[in-house]
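Observations on the model geometry
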Amino acid sequence: MRQPPDSRPLVVGLAGFGTVGGGLARLLEENAELTRLRAGRDIVIKRVLVRDARKARNAPLPATAVLTTDPAALTDDPQIDALAELIGGIDQARALIGRALDRGKHIVTANKALLAEEGPALFKKAESMALALRYEAAVAGAIPIVQTLKESLTGNRVISLLGILNGTSNYILSEMTSGNVDFSAALEQAQELGYAEADPTLDIDGHDTAHKLILLIRLAYGVHYPYAALSIRGIRNLSTMDIRLAGEFGYSIKLIGQAREVSDADGRMRLEAGVFPALVYNRYLLARVSGVYNAVRVEANAAGSLFFHGRGAGDLPTAGAVLSDLVAVARGDRADNTGFVRQDLPAAAVLPREEGRSSFYARLTVRDRPGVLRDLAGAMAAEEVSVAQMIQKSGEGDTAPLVFMTHETTTRAMNNSLKRMVDAGLLTEPAVCYRVL
């Protein structure tokens, strides 16, 4: 039940004053009257924690705020009601949030890595002290998917969710598709435009998407899916050849985060989840999500299919999500941090990744000689992998690329058939294999 808010302002300690922190300061000023009408009180920033107080700032400091380099100035100030953590990372953020909770402060954060890897302990601590730990900004920027799963879809059982959850990777794939540039050139362009970090590892290797997926699984299914158990594959070294060939079949390649309920071989319900590049049929809305945009598709037993699309990052889109959480804290909304009454959620019943089922795209480079196609088909038939479509392209010298689209099969069967090809000496290069949605 919502508690009536105080008439006094909600006083916030802001940790981090980079892109999103500056955006939050701007929105608090521009939307001050609207925020007051929605929250029933003002929201003011008192202190801003930064690493270097002498550094020039891209955004003006709020008139009510002062800079500090001392974390205790935020966590130990009795006038501060809530901590907005925007510094990212794990160790420093965990210590800061833990100390703030110990001192009775509500938390608003955009830190998906921390919540994905160490969320259960933090949610349990927040619950024990009846404090909010809100994180709308941690997943998909401006898209209100966290609150939708926590509130709007509580009358539904979520059957599946999947989406494009990383704008950097989606921009790179979009440029490789529309501009026919290779991966390295598209990454360099993303860095020049500020869409990719100097070290883009978390984005292009799929870990940023994985962190967000863990949070969505927790909200959708009420279970904790261990980060270490999640299958993660990024887009590093993805070839324009495969993007072009996928297009000939009518597909685009996207970096996907997916979770869905499935029955295992014994009929027990398990959760299949992973992050992977996948071929998405061009008529699907998901295939049309381009640039730095994000999208999430939810399939629920009552609502049916729902599709959410919007900016996944940036100063104002993300800051707007942070501000929405601060408004909820200011109003005294119930601290439903995981969306479930029980914060100490049970472990997920994980489907082993080898048992996951889908269709596959496989590009094989082979010797251009009689009998090779027969031998490849034999390797797949031995694992009961059925071919739906096949095209052959001109190669160089005595080699040729063959591209197969399979009917639905298990990951184990697909991997085993590729291993049979390698063991038989049929491939001149490692096979390229992607799932098909």
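Our subject in this report is the structure included herewith. (Residues numbered from 1 in each chain as written. Predicted model: local features only at pLDDT ≥ 70, side-chain atom pairs only at ≥ 80, totals over all residues. Heavy atoms only, no water.)

1. A closer look at a nonpolar patch on the surface
- A contiguous nonpolar surface patch, about 210 Å² in accessible area, is contributed by L373, V387 and M390.
- By the element assignment, V387 lies in strand β14 (residues 387-392). (Patch = residues over 30% accessible without salt bridge, like charges linked within 9 Å, V, L, I, M, F, W, Y side chains within 5 Å. Areas by Shrake-Rupley, 256 points an atom, 1.4 Å probe, with all protein chains shown as cover. Salt bridge = Lys/Arg side-chain N within 4 Å of Asp/Glu carboxyl O. Helix = DSSP H or I, 4+ residues; strand = E, 2+ residues; numbered from the N terminus.)

2. Considering the packing of aromatic side chains
- For the coordinates displayed, the defined rule picks out 5 aromatic pairs.
- A centroid spacing of 5.0 Å and a plane angle of 65 degrees characterise the contact between Y171 and Y195, whose relative ring orientation is edge-to-face. One end of the pair, Y171, is in helix α7 (residues 167-178); the other, Y195, is in the loop between α8 (183-192) and α9 (201-204), and 24 residues separate them in sequence.
- Ring centres 5.6 Å apart and planes at 50 degrees place the aromatic pair Y251 and Y281 in the tilted group. Placement of Y251 in strand β9 (residues 251-263) and of Y281 in strand β10 (residues 269-281) is noted, with a sequence separation of 30 residues between them.
- Judged by its relative accessible area of 16%, Y251 falls in the buried class.
- Sitting over the face of the ring of Y135, K150 holds its NZ or CZ atom 5.5 Å from the ring centroid.
- Over the ring of F276 we find R435, and its NZ or CZ is 4.6 Å from the ring centre. (Phe/Tyr/Trp six-rings, centres within 6.5 Å; stacked < 30°, edge-to-face > 60°. Buried < 20%, exposed > 50% of the residue type's maximum accessible area, 1.4 Å probe, protein only. Lys NZ or Arg CZ within 6 Å of the ring centre and 35° of its normal.)

3. So, the sheet that holds strand β3 (residues 66-68)
- On the basis of which strands lie adjacent, the open sheet formed by 6 strands has the order β3-β2-β1-β4-β5-β6 and parallel pairing. The open sheet terminates on both sides in strands that have one partner only, identified here as β3 and β6 (133-134).
- Two strands pair when backbone bridges link them, and strand β5 (residues 106-109) and β6 are joined in this way by 2 bridges, in the parallel orientation. From the neighbouring strand, V108 faces β6, where its bridge partner is R134.
- Helix-sheet contacts for helix α4 (residues 91-102) involve β1 (10-15), β2 (43-49), β4 (82-85) and β5, and the interaxial angle to β4 is about 170 degrees. (Pairing = 2+ DSSP bridges. Contact = heavy atoms within 4.5 Å. Axes fitted to C-alpha atoms, helices over the stretch in contact; angles between N-to-C directions.)

4. Some words on α7
- Over its 12 residues, α7 runs 16 Å from end to end, which matches the ideal 16 Å to within 8%, given 1.5 Å per residue.
- A large share of α7 lies buried, amounting to 9 of its 12 residues.
- Three or more residues of α7 are buried, namely G167, T168, S169, N170, Y171, I172, L173, S174 and M176.
- Of the surrounding secondary structure, the elements contacted by the buried residues of α7 are β7 (158-164), α8, α9, α11 (240-248), β9 and β11 (293-300).
- If you check the start of α7, you find a side-chain oxygen 3.3 Å away from the backbone N of T168, and it comes from N166.
- One or two steps after α7, the chain reaches N180, where phi turns positive at roughly 55 degrees. (Expected span 1.5 Å × (residues − 1). Polar contact = N/O pair within 3.5 Å; in protein donor to acceptor, adjacent residues only side chain to side chain.)

5. Let's talk about the side chain of N111
- With respect to the helices, strands and loops of the structure, N111 is situated in the loop between β5 and α5 (112-128).
- What makes N111 buried here is its relative accessible area of 4%.
- For N111, the side chain forms a polar contact with the main-chain nitrogen of L114, separated by 3.0 Å.
- With sequence-adjacent residues up to four places away left out, N111 is seen in contact with E85, G88, G89, A93 and A138.

6. A few points about the pairing of β4
- In β4, alternate side chains face the same way, and those of A82 and A84 on one face and L83 and E85 on the other are all buried.
- Across 4 bridges, the pairing between β1 and β4 is parallel. Across the sheet, L14 pairs through a bridge with A84, a residue of β4.
- Examined bridge by bridge, β4 and β5 share 4 bridges and lie parallel to one another. The residue bridging A84 from the neighbouring strand is V108, located in β5.
- In this fold, β4 hands off to α4, which returns the chain to β5; that crossover is right-handed. (Right-handed = clockwise from strand over helix to strand, strands pointing away.)

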